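Structural overview
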Amino acid sequence: MKPRALSWSAVLDDLTKRKATDRARKGGLSVFPKMTSFLVIALAAALWFYWKLDYDSVAVPFYGVVTIGWWYVPLAVFVIVGTSNAVNVTDGSGAIMRA
C-alpha cells in the first residue's frame, strides 16, 4: 500500500512539472505539499505496522534485535520520508522509482 501511495505523490509532482509553462519556473509541487503528503502516508504506514502488525523492534547488525516500543513509529516515519524524499530528489521523476 505504501509504495503505491508514495508513487501517486510522485506522479502528481511529475504532472505539475510538465504543465509548467514558464521556463524560469521548474514546476512540480512545492516543498510543503510534497513533504506533507510524504509525512501523512508515512505516518499511516508506521501506525499500521505498529498497531496492526505489532512491530516494535528493529534488528541492529552485529548486535541483535532491539525492542524500542512506541519509538518504532517516529523511526519508521523518519526512514520512510527520508527514503522517499531521497529517491524523489536524486531521480528527476520520482514516479519511475515504484516498487
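No experiment lies behind these values; they were computed from the predicted model shown.

Rules behind the numbers
- Residues numbered from 1 in each chain as written.
- Predicted model: local features only at pLDDT ≥ 70, side-chain atom pairs only at ≥ 80, totals over all residues.
- Heavy atoms only, no water.
- Helix = DSSP H or I, 4+ residues; strand = E, 2+ residues; numbered from the N terminus.
- Contact = heavy atoms within 4.5 Å.
- Areas by Shrake-Rupley, 256 points an atom, 1.4 Å probe, with all protein chains shown as cover.
- Phe/Tyr/Trp six-rings, centres within 6.5 Å; stacked < 30°, edge-to-face > 60°.
- Buried < 20%, exposed > 50% of the residue type's maximum accessible area, 1.4 Å probe, protein only.
- Pairing = 2+ DSSP bridges.

1. As for the overall build of the chain
- From N to C terminus, the chain includes three helices and two strands.
- Starting at the N terminus, the α and β elements of the chain follow one another as α-α-β-β-α.
- A separation of at least 24 residues holds for 49% of the contacts in the chain among residues at least 6 apart in sequence.
- With the model as given, the accessible surface of the chain reaches about 7400 Å², and the carbon-plus-sulfur share is 68%.

2. Overview of the packing of aromatic side chains
- All told, the structure shown has three aromatic pairs when counted by the stated rule.
- Seen from their ring centres, Tyr 55 and Tyr 72 are 6.2 Å apart, and the 80° between their planes marks the pair as edge-to-face. Here the residue Tyr 55 occupies a position in the loop between helix 2 (31-52) and strand 1 (57-60), and Tyr 72 occupies one in helix 3 (residues 72-90), the gap between them amounting to 17 residues.
- Look at Tyr 72 and you get buried, because its relative accessible area is 13%.
- Ring plane angle 25° and centroid distance 4.5 Å describe the contact between Trp 70 and Trp 71, whose orientation is recorded as stacked. Neither Trp 70 nor Trp 71 differs from the other in exposure class; each is exposed.
- Every member of this aromatic cluster is reached through a ring pair, and the members are Phe 49, Tyr 55 and Tyr 72.

3. Section: the pairing of strand 1
- Across four bridges, strand 1 lies against strand 2 (residues 64-67) in antiparallel orientation. Note that in strand 2 the partner of Val 60 across the bridge is Gly 64.
- Between strand 1 and strand 2, which pair antiparallel one after the other, the connecting turn spans three residues, and Phe 62 there sits at a positive phi close to 65°.

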